[in-house]
Every structure is written in C-alpha cells, then in structure tokens.
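# Examining the three-dimensional arrangement
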Amino acid sequence: MSAVGKSANIFWQECPVGKLDRQKLLKQRGCVVWITGLSGSGKSTLACTLGRELHSRGKLAYVLDGDNLRHGLNKDLGFSAEDRAENIRRVGEVAKLFADAGLICIASLISPYRKDRDSCRSILPDLSFIEVFMNMPLDLCEARDPKGLYKLARAGKIKGFTGIDDPYEPPLNCEIEIQQENGVCPSPCAMAGQVVGYLEDKGFLRE
Ligand SMILES: Nc1ncnc2c1ncn2[C@@H]1O[C@H](COP(=O)(O)OS(=O)(=O)O)[C@@H](OP(=O)(O)O)[C@H]1O
Ligand SMILES: Nc1ncnc2c1ncn2[C@@H]1O[C@H](COP(=O)(O)OP(=O)(O)O)[C@@H](O)[C@H]1O
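The shown structure was predicted, so the numbers you read here are calculated from the model rather than taken from an experiment.

### Thoughts on the site of ligand 1
- Taken together, 20 residues surround ligand 1, and among them Ser39, Lys43, Arg70, Asn87 and Ser111 come closest.
- Between ligand 1 and the protein, one listed contact pairs an oxygen atom with a side-chain N or O atom of Asp67 at 3.2 Å.
- Here an oxygen atom of ligand 1 and a side-chain polar atom of Arg70 are 2.8 Å apart.
- Starting from 630 Å² of accessible surface for ligand 1 in isolation, the protein chains cover 91%.
- In terms of residue count, the dominant contributor to the shell around ligand 1 is helix H4 (residues 81-100) (three residues).
- For the shell around ligand 1, the residue count by class is seven nonpolar, seven polar and six charged.

So, in structure tokens, the structure goes:
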C-alpha cells in the first residue's frame, strides 16, 4: 500500500500477461521515439512517414502528435511554461503505456524544455526512450511557416511562440539528430530511414 501524489491507500495491480508476452506476440520491442524540434521543423512529417514505413514492415506503431492531443487529452492546456511541462508529462505517461503495450510509440511535440524531455526519459526503461532532434534552422522553419504562425508571432499577435519569444533548448545527448546536408534537408523517406536504421540496429524491430 502506498501514497502517490494526491492518492493515498493505493495498490499496484500486477497482470498475468506482461510486456514480454506482448512483445513476443508482436515480434517487436516496445519503445518511445520522441521527436522534438521547432514548429515547422518536420516533426509531424517524420512521425507520419516513420509510422507508414513501420506499418508496411508489419510493425505496430502509433503516433502521438502534440497538435492532435491538444484537441482532446490536453485541451485544457495552453503554452505557458507550466502548461507545456504538464503537456509533456501527460504525453510521456501515455507514451510509456504504449511502449509497455509493446508498440513503437512515436511522440511528436515541440517539447522545448530539456528538463521536461529528460523527465520523460527517466520514466521509461533503459534505452527505450529514443530522442530524435529535428535540428533545422529557425530561418528554414520560418520560411516554411505552413500554418502562418511565425508571421503572427513576428507581428506580436501570438505571444510566447517557440523560437521567437519563448526558448527552445536543444538536446545535449539525443540518440538521433536530423539535420541538413550541404544546406539541403533530407527527404521525409530519408529522415524515416535514419530512424528505422537505428531501431533495426538496436533490435526494436524483432522480439
Ligand atoms: N506559442 C506557441 N508556441 C509553439 N507552438 C504553438 C504556439 N501556439 C500554438 N502553437 C501550435 O501548437 C503546436 C505545438 O504543440 P505542442 O504540444 O507540440 O507544444 S509543446 O510541446 O507543449 O511546446 C505547434 O505545432 P507544430 O507547428 O506542429 O509544432 C503550433 O501549431
Ligand atoms: N524533409 C522535408 N523536406 C521538405 N519539406 C519538408 C520536410 N519535412 C517537412 N517538410 C515541410 O515542412 C513543413 C512543416 O513540416 P511539419 O511536419 O508540419 O513540421 P512540424 O510538425 O515540426 O511543425 C510542411 O509544409 C512539410 O511539408
């Protein structure tokens, strides 16, 4: 019996079928691919391309996209530092459940603060949190501006926009970094290929 947060007198319930059983069934190892980067850096593009590639290889993956989760689970949260921290905490916990279910969970959020990402890493079993840094220059993201948000932020119509008047703290020790080569961004397939290569090397695509 223990007390956790605001809950007292609670018990941990073990189930007879465990993560190893599920992984055997799925012929893969559960993990979290956490994609972080500026708005417009290509997080969703990579998440979707990677999800499709894994699916075509018969691997079960699920995408948790920051924008989408803010339509439901996180619709009570805004973009203050506290709300972003709670956003990342909740998604980290959900991602942990998906990984425990044996899935390759692809989380795609700006997640601008290092300590929030590190907290997510700390709740996942060793080596199963794979941080992917979309290291694209602000100039490129701003030039893309598919939603017109940078324009609004520059005009002062959105306050606290990441990269403009709110910080983005790049990872110090990420597992994968996606960046331009000779000033050219790799194609979505090439970006996904880089992550698939990592997952293959580390044995996540077999039981
Ligand atoms: N102030 C501010 N700063 C950054 N982004 C903003 C902001 N306001 C709205 N948006 C839109 O919200 C999307 C980011 O949501 P996230 O949940 O990924 O953000 S965070 O991780 O909590 O920082 C982000 O989506 P992406 O462009 O896909 O990154 C934006 O569309
Ligand atoms: N590898 C890429 N090459 C060319 N354009 C890209 C690439 N990745 C993303 N884009 C384009 O950049 C824009 C932003 O990508 P998106 O995935 O929505 O970024 P984010 O989810 O980080 O905001 C979109 O218009 C998308 O088509």
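### Quick notes on unusual backbone geometry
- For Asn9, which is not a glycine, the phi torsion comes out positive at approximately 55°.
- Mapping Asn9 onto the fold places it in strand S2 (residues 7-10).
- Phi is positive for Asn182, which is not a glycine, with a value near 50°.
- Along the polypeptide, Asn182 turns up in the loop between strand S7 (176-179) and helix H8 (188-201).

### Things to note about the site of ligand 2
- Around ligand 2, a shell composed of 15 residues is seen, among which Gly40, Lys43, Ser44, Thr45 and Pro186 lie nearest.
- Contact distances for ligand 2 include 2.5 Å between an oxygen atom and a side-chain N or O atom of Thr45.
- Broken down by secondary-structure element, the contributors of at least two residues to the shell around ligand 2 are helix H2 (43-56) and H8.
- It is H2 that contributes the most residues to the shell around ligand 2, three residues altogether.
- Taken together, the residues of the shell around ligand 2 break down into six nonpolar, seven polar and two charged.

### Quick word on the pairing of strand S3 (residues 31-36)
- Of all six residues in S3, six are buried, a share of seventy percent or more.
- Burial along S3 is two-sided: the face carrying Cys31, Val33 and Ile35 and the face carrying Val32, Trp34 and Thr36 are both buried.
- One ladder, built from five bridges, connects S3 with strand S5 (residues 104-108); its direction is parallel. Residue pairing for S5: Val33 is matched across the bridge by Ile106.
- Bridge count between S3 and strand S6 (residues 129-135): five bridges; the pairing is parallel. From the neighbouring strand, Val32 faces S6, where its bridge partner is Phe129.

### Re helix H5 (residues 114-123)
- Burial in H5 covers these residues: Asp116, Arg117 and Cys120. The buried residues of H5 occupy one face: seen down the axis, they fall within an arc of 100°. Opposite the buried face of H5, by more than 90 degrees, sit the exposed residues Lys115 and Ser122.
- Buried-residue contacts for H5 involve S3, H4 and S6.

### What to know about the pattern of salt bridges
- Here the structure, examined in full by the defined rule, presents 13 salt bridges.
- A salt bridge links Glu131 to Arg121, with the shortest nitrogen-to-oxygen separation between them at 3.0 Å. Within this pair, whereas Glu131 is found in strand S6, its partner Arg121 is found in helix H5, the two being separated by ten residues in sequence.
- Among the residues examined, Glu131 registers a relative accessible area of 3% and is labelled buried.
- For Arg121, the salt bridge goes to Glu175, with nearest N and O atoms at 2.8 Å. With a gap of 54 residues between them, Arg121 in helix H5 and Glu175 in the loop between helix H7 (149-154) and S7 connect regions that are remote in the sequence.
- Given a relative accessible area of 28%, Glu175 falls into the partly exposed group.
- Via salt bridges that share partners, Asp76, Glu86, Arg89 and Arg90 belong to a single interconnected network.

Reading guide: rules and limits
Residues numbered from 1 in each chain as written. Chains lettered and ligands numbered in written order. Predicted model: local features only at pLDDT ≥ 70, side-chain atom pairs only at ≥ 80, totals over all residues. Heavy atoms only, no water. Near = heavy atom within 4 Å. Polar contact = N/O pair within 3.5 Å; in protein donor to acceptor, adjacent residues only side chain to side chain. Areas by Shrake-Rupley, 256 points an atom, 1.4 Å probe, with all protein chains shown as cover. Helix = DSSP H or I, 4+ residues; strand = E, 2+ residues; numbered from the N terminus. Nonpolar A, V, L, I, M, F, W, Y, C, P; charged D, E, K, R; others polar. Buried < 20%, exposed > 50% of the residue type's maximum accessible area, 1.4 Å probe, protein only. Pairing = 2+ DSSP bridges. Arc of directions from axis to C-beta. Contact = heavy atoms within 4.5 Å. Salt bridge = Lys/Arg side-chain N within 4 Å of Asp/Glu carboxyl O.

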